[in-house]
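In case you want the letters, here they are:
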Amino acid sequence: MSVFMAILLGIVQGVTEFLPVSSSGHLSILQNLFKLQYSEADHLFFDVLLHVGTLIAVIVTYRKDIADMFRQTSDFITGRGDGGKDDFGRLSPSVRLLILIIIGTVPLLFVVPFHSRLEVLYGKMWFIGLALLVTGGLLYASDRLIVGRKSEKTSRVADAFVVGLAQAIAVIPGLSRSGTTIAVGLSRGYKRSFAVRFSFLLSLPAVLGSLLVTFFDAVRAGINWKLMPVYLIGMAVAAVTGYFAIRLVRKLVDSNKFGKFAYYCWAIGAVTLVASIFI
């Protein structure tokens, strides 16, 4: 693997993981159109590090929320401090947020038995093109929803579970995880800022679980340690671009311009469908 390929795939991963345009779809399109192929061992371990990069981006962006969740939950379990409760004896917002994230992660368990079948779709350009068109439709609709007021204080268990179902469905290549979960969150009456925050925090356990599975597969396949500097460059690029991509999404959703990405998804989806005829 060349440094150029590592940087290119790092940018693609960091940007498309958070912008609502499907990272899996774009990586598959790049590999199919431009024949960016590399050995299985390279693919597996480099994929792990790319996701570590985007994981770092989320942790850095939401470090305060993450720290508050762990601190308040620890107080709730141990009875120290305020016991993880507010002045009215209710669970603190941080504890509620962690519970909502756990509930939203449960639907991913339904996808595990179908993991191997879904991998086949990564090589089907026509399917990825169609999925991108669907993503565009979700984004277009998201800007036209009535603005809700729900946050971690008022979100119901059912709301978190439905957003979690959206995340589980978005493992299909071409469907944007962030776009799908944010759009569904808005449809459940989430405030725009909370829809974005919950979507990205919800990605943490999903990415961690995927990392563990892929890491052990990568170790079994073998790791080319000579390429480690190249791998780390790609990881760093994914982390930096991912951080700025998150900030851009937050700004666009707050300004009611999230749906602008619909036109891009429709365009790239249509191009992909046409390209699939000749590839």
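Residues numbered from 1 in each chain as written. Predicted model: local features only at pLDDT ≥ 70, side-chain atom pairs only at ≥ 80, totals over all residues. Heavy atoms only, no water.

Student: Would you take a moment to explain the overall build of the protein chain for this structure?
Tutor: Secondary structure summary: the protein chain contains 13 helices and 0 strands in total. When its helices and strands are written in sequence order, the protein chain yields α-α-α-α-α-α-α-α-α-α-α-α-α. On the principal axes, the C-alpha backbone points of the protein chain span a range of 60 × 45 × 35 Å. Considering only contacts within the protein chain whose residues lie at least 6 apart along the sequence, 81% involve residues at least 24 apart. Total accessible area on the protein chain stands at roughly 13,500 Å², and carbon and sulfur atoms take up 69% of it. (Helix = DSSP H or I, 4+ residues; strand = E, 2+ residues; numbered from the N terminus. Contact = heavy atoms within 4.5 Å. Areas by Shrake-Rupley, 256 points an atom, 1.4 Å probe, with all protein chains shown as cover.)

Student: Would you mind showing me how to read helix 1 (residues 3-18) here?
Tutor: Each full turn of the α-helix corresponds to 3.6 residues, which orients residues three or four apart in the same direction. Over its 16 residues, helix 1 extends 23 Å from the first C-alpha to the last, a length consistent with the 22 Å expected when each residue adds 1.5 Å. Among the residues of helix 1, those classed as buried are Met5, Ala6, Leu9, Gly10, Val12, Gln13, Gly14, Thr16, Glu17 and Phe18. (Expected span 1.5 Å × (residues − 1). Buried < 20%, exposed > 50% of the residue type's maximum accessible area, 1.4 Å probe, protein only.)

Student: Teacher, can you tell me more about the confidence of the model for the protein chain here?
Tutor: In low-pLDDT regions, the fine details of the predicted coordinates are not to be read closely. Within the protein chain, residue pLDDT values average 87, and 95% of them lie at 70 or more. Model confidence for the protein chain, summarised as mean pLDDT per element, is weakest for helix 7 (residues 115-119) at 74 and strongest for helix 9 (residues 157-169) at 96. (pLDDT = per-residue confidence, 0-100.)

Student: Help me out: how do you make sense of the layout of surface pockets in this one?
Tutor: Once rolled over the atoms, a probe with the size of a water molecule shows which space is left empty. By volume, the second largest pocket amounts to about 240 Å³. For the lining of the second largest pocket, the per-class residue count stands at 12 nonpolar, 1 polar and no charged. (1 Å grid on protein atoms, 1.4 Å probe; cavity = no way out; pocket = protein on both sides within 12 Å on 5 of 7 lines; lining within 4 Å. Points joined across faces, edges and corners; volume = space filled by probe spheres on them. Nonpolar A, V, L, I, M, F, W, Y, C, P; charged D, E, K, R; others polar.)

Student: Looking at this structure, I do not really get a positive patch on the surface. What am I missing?
Tutor: On the surface, Arg144, Lys251, Lys257 and Lys260 cluster together into a patch of positive charge. The class of Lys260 is exposed, set by a relative accessible area of 55%. (Patch = residues over 30% accessible without salt bridge, like charges linked within 9 Å, V, L, I, M, F, W, Y side chains within 5 Å. Salt bridge = Lys/Arg side-chain N within 4 Å of Asp/Glu carboxyl O. Lys, Arg positive; Asp, Glu negative; His and termini not counted. Charge placed at Lys NZ, Arg CZ, Asp CG, Glu CD.)

Student: Quick question: what am I supposed to make of the nonpolar core here?
Tutor: The tendency in soluble globular proteins is for nonpolar side chains to be buried side by side. Among the nonpolar cores identified, the biggest contains 41 residues, and Ile182, Phe198, Leu201 and Val249 are the most heavily contacted of them. For this core, the secondary-structure elements that each account for two or more residues are helix 3 (40-61), helix 4 (63-78), helix 5 (93-105), helix 9, helix 10 (177-187), helix 11 (192-221), helix 12 (228-254) and helix 13 (261-278). Once residues within four sequence positions are removed from consideration, Phe198 is found in contact with Leu97, Leu100, Ile101, Ala160, Val163 and Tyr190. Ranked by size, the runner-up nonpolar core spans 19 residues in total, among them Val12, Leu44, Ala218 and Ala238. (Core = buried A, V, L, I, M, F, W, Y, C linked by side-chain atoms within 4.5 Å.)

Student: Is there a simple way to think about helix 12 in this case?
Tutor: Along its 27 residues, helix 12 runs 39 Å from first to last C-alpha, staying within 8% of the 39 Å computed at 1.5 Å per residue. Just downstream of helix 12 lies Asn256, where phi reads positive at about 60°.

Student: Just to check I follow, could you spell out the packing of helix 5 against helix 11 for this structure?
Tutor: When two helices pack together, you describe them by how their axes are tilted relative to each other and by the distance separating the axes. Where helix 5 contacts helix 11, the two axes come as close as 9 Å, and the packing angle between them is 65°. Between helix 5 and helix 11 the crossing geometry is right-handed. Residues Leu97, Leu100, Ile101, Gly104 and Thr105 of helix 5 touch helix 11, and the partners they reach there are Phe194, Arg197, Phe198, Leu201, Leu202 and Pro205. Taken together, the residues of the contact of helix 5 with helix 11 sort by class into 8 nonpolar, 2 polar and 1 charged. (Axes fitted to C-alpha atoms, helices over the stretch in contact; angles between N-to-C directions. Left-handed = near helix turned anticlockwise from the far one by under 90°.)

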